[in-house]
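# Chain and residue survey
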Amino acid sequence: MRIAAVEVVVTCPGRNFVTLRITTEDGITGLGDATLNGRELAVEAYLREHVVPLLVGRDASAIEDTWQYLYRGAYWRRGPVTMAAIAAVDTALWDIKARAAGMPLYQLLGGACRVGALAYGHASGRDLPELFDSIRAHLERGFRAIRVQTGIPGLDTVYGVAASAAGGGDRYDYEPARPTALPVEESWDTRAYLRHVPSVFEAVRSEFGPALPLLHDGHHRMTPIEAARLGKALEPYDLFWLEDATPGEDQAALRLIRQHTTTPLAIGEVFNSIHDYTTLLSERLIDYVRSAVTHTGGVTALKKVLDFAAVYGVKSGMHGPTDISPVGMAAALHLDLAVHNFGIQEYMPHTAETLEVFRTSYTFVDGLLHPSDSPGLGVELDVDAAGRFPYRAAYLPVNRLADGTLHDW
Ligand code: EZ4
Ligand code: CO
């Protein structure tokens, strides 16, 4: 089964996506997601210029060998651009193998360990009444686990806070990447954040009771000692996890946080390699692996990370924002079903425009996602529809402190 054609499709149905489509000589197609939010065209060029010419004529069934060929063969290893490109190839080849077998991908990964993947949605509000409305809307929609992000007195815009309260329906109006000439500048104050957040969780617990799993994303903004303090302050509210408490590249920071708090910790959405996790896993410094298939070298590589995590009792909690395309989302769901150490899956529903381009078959019922039993990933790309939504440059915001100092966003 030789690879006959490889195309890179860039489209912007509301937001940008980069998709790789591989076609074999016998006409089977496979899809892979290579979307890197705010740096999309770097991955497109990497694929088009340096990967596509290597793939045509290769054996489409040799997935591991192709992974190693692209990873070791480039000499220059790792990095978000390279690993998103490799992820797209790997995912497309898994899609092809599963379609050729006439099976959903999760069957090739060992079969289902569960009936569906517990998903969490993003509730948010500028103040408590808005936040409570948003949580109620998510519960009505069927979510059984909820991420809570909130406005902070004194700050105009805060990461993760949607402009309208509902947010849990077919659309989700918090989109951090904006099509402006320069990145939007937001302001940040960690002391104001630390003063406010525990009171929000206290209010949410007293309104919604002790059972509902609640999550929170610190989005890389704290120092280790600030994160330790927040983790400790949130212990009474029994969080499912505190995510990205500190910037991800500093694995040793988690040692300090871990010494001070029993709040479960999740990290890894910006990681791209198993080597980003060696200290975190072998020293049991985290509880959940946040990597996405799209950003960690594909199904092959993320399965290895999760198997390594299982040795240390660490579970999956894959990244699932709207900048992971429906192709990347479907790949995640197949792994979610197949790995024993599944924890939870992030789920931000895509817009109707996005779903016009990517025809999905995955389902969300009673709080659980299922990839469906369609052969392969279960997603079809409508190339004509994709062509109606040309690329638009967009950037993620940057953060500045009151004195102008650039801070982690
Ligand atoms: O900011 O995907 O947990 N989810 C997140 C996301 C990220 C975006 C960046 O592209 O942190 O909202
Ligand atoms: Co996050």
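Structure: see above.
Residues numbered from 1 in each chain as written. Chains lettered and ligands numbered in written order. Predicted model: local features only at pLDDT ≥ 70, side-chain atom pairs only at ≥ 80, totals over all residues. Heavy atoms only, no water.

## Side note on empty space enclosed by the protein
In this approach the atoms are scanned with a rolling probe the size of a water molecule, which exposes any empty space left behind. Enumeration over the complete set of coordinates arrives at two cavities of 30 Å³ or more. Every residue lining the largest cavity is counted, 13 residues in all, and those nearest its centre are Q149, V158, W188, Y193 and D217. Looking at the lining of the largest cavity, the elements that each hand over two or more residues are β5 (146-150), α6 (190-208) and β7 (214-217). Looking at the second largest cavity, its volume works out to about 30 Å³. If you trace the second largest cavity, you find it lined by L242, D244, A245, T246, L254, L265, A266 and I267. (1 Å grid on protein atoms, 1.4 Å probe; cavity = no way out; pocket = protein on both sides within 12 Å on 5 of 7 lines; lining within 4 Å. Points joined across faces, edges and corners; volume = space filled by probe spheres on them. Helix = DSSP H or I, 4+ residues; strand = E, 2+ residues; numbered from the N terminus.)

## Structural notes on the sheet that holds strand β18 (residues 406-407)
On the basis of which strands lie adjacent, the open sheet formed by three strands has the order β6-β17-β18 and mixed pairing. Among the strands making up the open sheet, the edge pair consists of β6 (185-187) and β18. Pairing between strand β17 (residues 398-400) and β18: two bridges, direction antiparallel. Counted as the bridge partner of R400 is L406 from β18. (Pairing = 2+ DSSP bridges.)

## Quick notes on the nonpolar core
Counting 112 residues, the largest nonpolar core has I22, L47, V89, I135, I286 and V289 as its most contacted members. Looking at this core, the element that brings in the most residues is helix α3 (residues 80-101), giving eleven residues. In contact with I135, other than residues within four places in its own chain, are A123, I146, V148, V204, F208 and L212. (Core = buried A, V, L, I, M, F, W, Y, C linked by side-chain atoms within 4.5 Å. Buried < 20%, exposed > 50% of the residue type's maximum accessible area, 1.4 Å probe, protein only. Contact = heavy atoms within 4.5 Å.)

## Digging into the coordination of the cobalt ion (ligand 2)
Taken together, D217 (OD), E243 (OE) and E269 (OE) make up the protein donors of the cobalt ion (ligand 2), found 1.9 to 2.2 Å from the metal. Geometry at the cobalt ion (ligand 2) is irregular, judged from the six donor atoms that bind it and their angles of 24 to 177 degrees at the metal. In primary sequence terms, the donor set of the cobalt ion (ligand 2) follows D-x25-E-x25-E. Of this pair, E243 sits in strand β8 (residues 241-243) while E269 sits in the loop between β9 (265-267) and α9 (278-282), and the two are 26 residues apart along the sequence. Of the two residues examined, E243 and E269, each falls in the buried class. (Donors = N, O, S within 2.8 Å, 3.2 Å for Na, K, Ca; no water. Tetrahedral: all angles 85-135°; square planar, octahedral: opposite > 155°, others 65-115°.)

## Structural notes on the layout of surface pockets
Volume-wise, the largest pocket comes out at about 1000 Å³. The wall of the largest pocket is formed by 39 residues, among which H220, E269, V270, L396 and W409 lie closest to the centre. Its residues assigned to classes, the lining of the largest pocket comprises 16 nonpolar, twelve polar and eleven charged. Taken together, domain 1 (3-104) and domain 2 (108-373) each give at least three residues to the lining of the largest pocket, which thus spans both. Size it by volume and the second largest pocket reaches roughly 260 Å³. Of the residues assigned to the lining of the second largest pocket, the class counts are seven nonpolar, two polar and six charged. (Nonpolar A, V, L, I, M, F, W, Y, C, P; charged D, E, K, R; others polar. Domains from an automatic or database assignment.)

## With respect to the sheet that holds strand β3 (residues 29-33)
Taken in spatial order, the three strands of this open sheet run β1-β2-β3, and their pairing is antiparallel. Two strands lie at the open edges of the sheet, namely β1 (3-11) and β3, each paired on one side alone. Across the sheet, the axes of successive neighbouring strands diverge by a mean angle of 20 degrees, strand direction being ignored. As paired elements, β1 and strand β2 (residues 17-24) share eight bridges and run antiparallel to each other. (Axes fitted to C-alpha atoms, helices over the stretch in contact; angles between N-to-C directions.)

## Re helix α2 (residues 63-73)
What α2 keeps buried is the set I63, T66, W67, Q68, L70 and Y71. Where α2 is buried, its residues touch α1 (40-55), α3 and α10 (298-311). Just past α2, the residue Y75 takes up positive phi, approximately 70 degrees.

## Section: unusual backbone geometry
Positive phi, close to 70 degrees, is recorded for Y75, a residue that is not glycine. Checked against the element boundaries, Y75 lands in the loop between α2 and α3. At R78, a residue that is not glycine, the phi angle is positive and equals roughly 65 degrees. Topologically, R78 is positioned in the loop between α2 and α3.

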